[in-house]
Amino acid sequence: MKLYQMVVKDIIRRKRRVLFAIVGVIIGTMTVVGIFTIARAGEARMYEQLEKYGPNLTVIPAITNVDVNLGGDLSLGTLSVGENCISEEKLPEIRRITDNAIREALGIEDEGNIATIAPKLYVNTEVKGVSVMVVGVEPQEESKIKTWWRIREGEYLERADQALIGAVAAELLELSEGDTIALNGTDVTITGILEETGSNEDYQIFVPLATLQRAFNKEGLISSMDIRALCNACPVVMIADSINSEIPGVRAIAVKQIASAEMEMLGRINRFMLALAGITLAVGLFGVGNTMMRSVNERIKDIGIMRAVGASHNQIMRVFLYEAIIIGVLGGIFGYWAGTLLAFGLGPVLFQISAISYVPQYFPLALGLAISVAVIATIYPAFRATRVKVADSFRSL
């Protein structure tokens, strides 16, 4: 009888004990795969949320609030110091800093524009006797930033005399596609109505930037600008620091800095769950080791007979290692699928993550981890088996 046939026959004979060992490996592997899958989905969801913010950076005027008082407790309120607008002349310098940082970080040699920069001008005016916020935008750049925008009626901005209106503003002002409104004496036609976004955009009117600048005598001025870098891995914090230090009168804010607290919390949860997975793996390792030790004690007679017919220490050890590999393979396969199912079950409950999918790359990880646990747990029992003497087998009769 060949060695592997002996191993399979012995596993079938002791299937209950082997099953317990496999279950221990499955639980440990399942926990690790489940945590990794949930963590991956959570990170993807976080980046998705960052994408929904639109820009990676927002640049606004550097305004400082100063408390004005006459001494003692008598205060005259707060005085804002600084310009309320940014000159468009600073746009090329901001683009240079942003694009150069991305080129250096990602090794890009292309000299063309890399980042998307969308300037805006905010003007509060009256339309049909109602106060409303009108936003001047660069239509093409804004569409790259606001990837979530959907047109409910009509079409997107294409000409200078067109306007796009938020869903709530259109309802309150009783405006529809094709209507004309006056902005400080400049007529524009409603060309489209946005679907509701649940943000301030629902109450705003969007027109081409140059049109709003001419209508309100603000040529060359903008209120803010949104910057979307090439990727989430781009050094946006470094870009923000460079803009703040090199360009006076502006303040750049990285969206990732705003979300850093949530990212840090997610990282702490992942570390805790990984520690829990480590404990589970240790329990699985102990279970396999205990099963193998009991197997050695139960098979002293068989081991003695093998020694008597000339089996080497290496062959005896291989019997137990083969058994461990079979336990590891079965534990890894079932542990991977159990971990994936665990992620599907716990992800939406714990982290409101609905877009969880199985990750094929984790299958080799699960298999390798399960086999490693089983083999490590078997090394000492297998070594003990090689120390069994022929005389010991007779005493066990």
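Use the structure listed above.
Residues numbered from 1 in each chain as written. Predicted model: local features only at pLDDT ≥ 70, side-chain atom pairs only at ≥ 80, totals over all residues. Heavy atoms only, no water.

1. What to know about the packing of aromatic side chains
Turning to step 1, where the next piece is worked out: Per the counting criterion, the structure on display carries five aromatic pairs.
Turning to step 2, where the next piece is worked out: Judged by centre distance (4.9 Å) and plane angle (65°), the rings of W149 and F206 are edge-to-face. In this pair, W149 sits in the loop between α4 (139–145) and β7 (151–154) while F206 sits in strand β11 (residues 204–208), placing the two residues 57 residues apart along the sequence.
Turning to step 3, where the next piece is worked out: Owing to a relative accessible area of 10%, W149 belongs among the buried residues under this scheme.
Turning to step 4, where the next piece is worked out: For the ring pair Y336 and F363, a centre distance of 5.3 Å and an interplane angle of 85° mean the geometry is edge-to-face. Placement of the pair is Y336 in helix α11 (residues 313–351) and F363 in helix α12 (residues 362–386), with a sequence separation of 27 residues. (Phe/Tyr/Trp six-rings, centres within 6.5 Å; stacked < 30°, edge-to-face > 60°. Helix = DSSP H or I, 4+ residues; strand = E, 2+ residues; numbered from the N terminus. Buried < 20%, exposed > 50% of the residue type's maximum accessible area, 1.4 Å probe, protein only.)

2. A few points about the pairing of strand β1 (residues 57–61)
Turning to step 1, where the next piece is worked out: Of the strand pairs in this sheet, β1 and strand β13 (residues 224–228) are connected by three bridges, and their pairing is antiparallel. Opposite L57, over in β13, you have I227 as the bridge partner.
Turning to step 2, where the next piece is worked out: Judged from the five bridges that link them, β1 and strand β14 (residues 250–254) form a sheet pairing that is antiparallel. If you follow V59 over to β14, its bridge partner there is A252. (Pairing = 2+ DSSP bridges.)

3. Looking at the environment of S372
Turning to step 1, where the next piece is worked out: Tracing the chain through its elements places S372 in helix α12.
Turning to step 2, where the next piece is worked out: When its relative accessible area of 36% is taken as the criterion, S372 is described as partly exposed.

4. Concerning the pattern of salt bridges
Turning to step 1, where the next piece is worked out: Counted by the stated rule, this structure contains 10 salt bridges.
Turning to step 2, where the next piece is worked out: Among the salt bridges present, the one from K120 reaches D226, with a minimum N-O distance of 2.6 Å. Of the two residues, K120 is situated in strand β5 (residues 116–127) and D226 in strand β13; the sequence distance between them amounts to 106 residues.
Turning to step 3, where the next piece is worked out: Given a relative accessible area of 3%, K120 falls into the buried group. (Salt bridge = Lys/Arg side-chain N within 4 Å of Asp/Glu carboxyl O.)

5. Topic: the side chain of Q162
Turning to step 1, where the next piece is worked out: Relative to the helices and strands, Q162 resides in strand β8 (residues 162–165).
Turning to step 2, where the next piece is worked out: In this structure Q162 touches E155, Y156, L157, V188, T189, T191, F206, V207 and P208, once residues within four positions along its chain are discounted. (Contact = heavy atoms within 4.5 Å.)

6. Overview of the environment of L164
Turning to step 1, where the next piece is worked out: When you line up the elements, L164 lands in strand β8.
Turning to step 2, where the next piece is worked out: Distance from L164 to T191, taken between C-alpha atoms, is 6.0 Å for residues 27 residues apart in sequence.
Turning to step 3, where the next piece is worked out: Once you skip the residues sitting within four places of it in the chain, L164 turns out to touch W149, I151, E155, Y156, L157, G192, I193, L194, Q204, I205 and F206.

7. Structural notes on helix α3 (residues 91–106)
One turn of the α-helix equals 3.6 residues, which is why residues spaced by three or four share an orientation.
Turning to step 1, where the next piece is worked out: An ideal rise of 1.5 Å per residue puts 22 Å on 16 residues; α3 measures up with 22 Å between its terminal C-alpha atoms.
Turning to step 2, where the next piece is worked out: Turning to α3, its buried residues number three or more, namely L91, I94, R95, I97, T98, D99, A101, I102 and R103.
Turning to step 3, where the next piece is worked out: Considering only its buried residues, α3 is in contact with β1, β4 (86–87), β5, β12 (221–222), β13 and α7 (236–246).
Turning to step 4, where the next piece is worked out: Downstream of α3 by one or two residues, G107 has phi in the positive range, about 70°. (Expected span 1.5 Å × (residues − 1).)

8. A closer look at the packing of α3 against α7
Turning to step 1, where the next piece is worked out: Two elements in contact, α3 and α7, have axes whose closest approach is 10 Å; the angle formed by their N-to-C orientations is 145°. Handedness of the crossing formed by α3 with α7: right-handed. Along the contact surface, α3 presents E93, I94, R96, I97, T98, A101 and I102, while α7 presents M238, I239, S242, I243 and E246. (Axes fitted to C-alpha atoms, helices over the stretch in contact; angles between N-to-C directions. Left-handed = near helix turned anticlockwise from the far one by under 90°.)

9. Let's talk about α12
Turning to step 1, where the next piece is worked out: Between its terminal C-alpha atoms α12 stretches 35 Å, which fits the 36 Å expected from 25 residues at 1.5 Å a residue.
Turning to step 2, where the next piece is worked out: Its axis deflected by about 40° at I379, α12 carries its strongest bend there, up to four residues before the proline P381. (Bend = angle between axes of the 7 residues up to and from the residue.)

10. Quick look at a nonpolar patch on the surface
Turning to step 1, where the next piece is worked out: A grouping of L19, V23 and I27 is seen on the molecular surface, where their side chains present a nonpolar patch of about 240 Å² in accessible area.
Turning to step 2, where the next piece is worked out: Turning to its location among the elements, V23 is positioned in helix α2 (residues 15–53).
Turning to step 3, where the next piece is worked out: For V23, a relative accessible area of 36% gives the class partly exposed. (Patch = residues over 30% accessible without salt bridge, like charges linked within 9 Å, V, L, I, M, F, W, Y side chains within 5 Å. Areas by Shrake-Rupley, 256 points an atom, 1.4 Å probe, with all protein chains shown as cover.)

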